Amino acid sequence: DTIYNLLEPEGELGFWGDEEQNIYEREMITNSKNKKRVYTGVPGAWGNLSRSYRCNGKVAKLAQLFQKKYLNQYDDKVMEYQENMFDDTSIKYVFEPNTENTIEKRIVNIFISLVKQKKLHYDDVCILSDRVALLRLVDQELGNRGYKTETTFETQEEYLFLKKQYNGEELQGKLDDIRRAAKHCFWMESGKIKLSTVHSYKGWGIDTEILIIMPELENKNVLKDAFGI
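Per chain, residues are indexed from 1 in the order of the written sequence. Local features in this predicted model are restricted to residues of pLDDT 70 or higher, and side-chain atom pairs are both shown and tallied only at a pLDDT of 80 or more, whereas totals for entire chains, interfaces and linings draw on every residue. No hydrogens and no water enter the side-chain calculation; it runs on all heavy atoms of the structure.

Draft legend 1. Just the overall build of the protein chain, in detail. Labels follow the DSSP assignment, with helices taken as runs of H or I lasting at least four residues and strands as runs of E lasting at least two, numbered in each case from the N terminus. In terms of helices and strands, the protein chain carries seven helices and six strands. Secondary structure of the protein chain in N-to-C order comes out as α-β-β-α-α-β-α-β-α-α-β-β-α. Burial status follows relative accessibility: with a 1.4 Å probe on protein chains alone, a residue under 20% of its type maximum counts as buried, one over 50% as exposed, and anything between as partly exposed. Expressed as a percentage of its 229 residues, the buried residues of the protein chain come to 28%. Only heavy atoms enter the contact rule, under which two residues are in contact if any of them lie within 4.5 Å. Partitioning the contacts of the protein chain with sequence separation of at least 6, the portion at a separation of at least 24 is 65%. Residue-level accessible areas treat just the shown protein chains as cover; the underlying method is Shrake-Rupley with a 1.4 Å probe. Summed over its atoms, the accessible surface of the protein chain is roughly 16800 Å², and 51% of this surface lies on carbon and sulfur atoms.

Shown next as C-alpha cells:
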C-alpha cells in the first residue's frame, strides 16, 4: 500500500518473478495449467516476458542451450534476444582434471593466464561460484600471491578462527553477520579482483567473469572435510 501511494495518477507498478531463479526457495504455487509460479501475494493475472532485456548475443544463446538441455521442464519458455553484430563477447570453457595442484591453485593459474592473455585490469574481473568454501580458498591463494581482493564473504582465516569458537547455528550466525557487512561494502570500482557467490552477485555488470562449476561429489563428506561446509 505504501508503494502504491507513491505513484503518480495513472501510474503503474510492475513486479517480475522467475521460478527458474528461485535460489532462496521461496513459496511456489501451481496455476490451472500445472505451471509453477513464484508466490508474491500481488493480485491480478500474470503475463509472460518473452524477450530478454538483461543479456543478448552469445551469452543469451548459451543460456538458451543450457536451459534446453538441463532445464527441459522450461522448454516452452524460450526467451527471444536481439543479435548484435558488434558483440565481441567470447566464451571459453576450461576443464580442469585432478592434478598435483590444489583446485584453488589451478583456478588462480587460469585467472593469471586470462589476465595476461586479454590484458585485463583486475577491476574488470569477477570470480563466481555457488560454493563459498571454495571461494575462500581461492581468495586466500590470491592473497598469498600478492593480489588484492573484494569479496562478499568471510576470509579463510576468519572462518577457521570462528570455527574454533562456535559451531552449528551460532557459527552460521557469525558468518551471516560478516557476509551481510561484506555485501554492503562490496564495491564494483574498488580496483581489486572481485569474488562472490552467485547468490550475492550475478556478474551482469562485470566485463570478465570466471564461473567455477564444480561437479557433485558422490561422497559429500569429502567436500565437507576438505572445505568445511
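Draft legend 2. The pattern of salt bridges, seen in detail. Any carboxyl oxygen of Asp or Glu within 4 Å of a side-chain nitrogen of Lys or Arg constitutes a salt bridge here. By the definition in use, this model includes six salt bridges. The salt bridge involving R180 is made with D177; its shortest N-O contact spans 2.5 Å. Of the two residues, R180 and D177 both sit in helix α6 (residues 168-185), three residues apart, roughly one turn of that helix. D177 sits in the partly exposed class, given a relative accessible area of 43%. Salt bridges linked by common partners bring R136, E154 and R179 together as one network.

Draft legend 3. Focus on the packing of aromatic side chains. Aromatic contacts are taken between Phe, Tyr and Trp rings whose centres are within 6.5 Å, Trp giving its six-membered ring; a plane angle under 30 degrees counts as stacked, one over 60 as edge-to-face, and the others as tilted. Applying the stated criterion across every chain, the model contains four aromatic pairs. Ring geometry for F111 and Y147: centres 5.7 Å apart, planes at 85°, overall edge-to-face. Taken together, the residues span a long stretch of sequence, with F111 in helix α3 (residues 103-118) and Y147 in the loop between α4 (132-144) and β4 (149-151) at a distance of 36 residues. Comparing F111 with Y147 shows no difference in burial state: the two are buried. Where Y122 meets Y147, the ring centres are 5.4 Å apart and the plane angle is 90°; that geometry is what we call edge-to-face.

Draft legend 4. Geometry of the packing of α3 against α4. In the contact formed by α3 and α4, the axes pass within 9 Å of each other and the chain directions differ by 60°. Comparing the axis directions of α3 and α4 gives the class oblique. For the pair α3 and α4, the crossing hand works out as right-handed. Each of I103, E104, K105, I107, V108 and F111 in α3 lies in contact with α4, whose residues at this interface are L134, L137, V138, E141 and L142. Under this grouping Gly is polar, as are all residues other than the nonpolar Ala, Val, Leu, Ile, Met, Phe, Trp, Tyr, Cys and Pro and the charged Asp, Glu, Lys and Arg. Classifying every residue of the contact of α3 with α4 by side-chain character gives eight nonpolar, no polar and three charged. For helices, the axis comes from a line fit to the C-alpha atoms of the stretch in contact; other axes are also lines fit to C-alpha atoms, and the angle between any two N-to-C directions lies between 0 and 180 degrees. Reported orientations rely on four angle classes, namely roughly parallel under 35 degrees, roughly antiparallel over 145, roughly perpendicular from 65 to 115, and oblique for the rest. It is the rotation of the near helix from the far one that decides the hand of a crossing: anticlockwise by less than a right angle makes it left-handed, clockwise makes it right-handed.

Draft legend 5. Inspection of the side chain of T152 at higher detail. The residue T152 is located in the loop between β4 and α5 (156-165) in this model. A relative accessible area of 3% places T152 in the buried class. Side chain to side chain, T152 and S196 meet in a polar contact 3.2 Å long. Whenever a nitrogen or oxygen atom comes within 3.5 Å of another N or O atom, the pair is scored as a polar contact, on the condition that within protein one atom can donate a hydrogen and the other can accept it, and that pairs from neighbouring residues in sequence are kept only if both atoms are in side chains.

Draft legend 6. Molecular detail of the sheet that holds strand β3 (residues 125-129). As summarised here, the arrangement of the four strands in space is β4-β5-β3-β6, forming an open sheet in which the pairing is parallel. In this open sheet, the two edge strands, each paired with only one partner strand, are β4 and β6 (208-212). Across the sheet, the mean angle separating the axes of adjacent strands is 20° when strand polarity is ignored. Running at roughly 160° to β6, α3 makes contact with β3, β5 (193-197) and β6 of the sheet. On top of the sheet, α4 reaches β3, β4, β5 and β6; it is set at about 165° to β5, its chief contact. At least two DSSP bridges between two strands are needed for those strands to be called paired.

Draft legend 7. A look at the nonpolar core. Core analysis: the largest hydrophobic core is formed by 20 residues, its most contacted members being F111, I127, V138, L142, I193 and L195. Those elements that provide at least two residues to this core are α3, β3, α4, β5 and β6. Ranked by residues supplied to this core, first place goes to α3 with six residues. Put simply, buried Ala, Val, Leu, Ile, Met, Phe, Trp, Tyr and Cys residues joined by side-chain atoms within 4.5 Å make one nonpolar core. Within the second largest apolar cluster, five residues are counted, among which are C126, L128, Y201 and I206.

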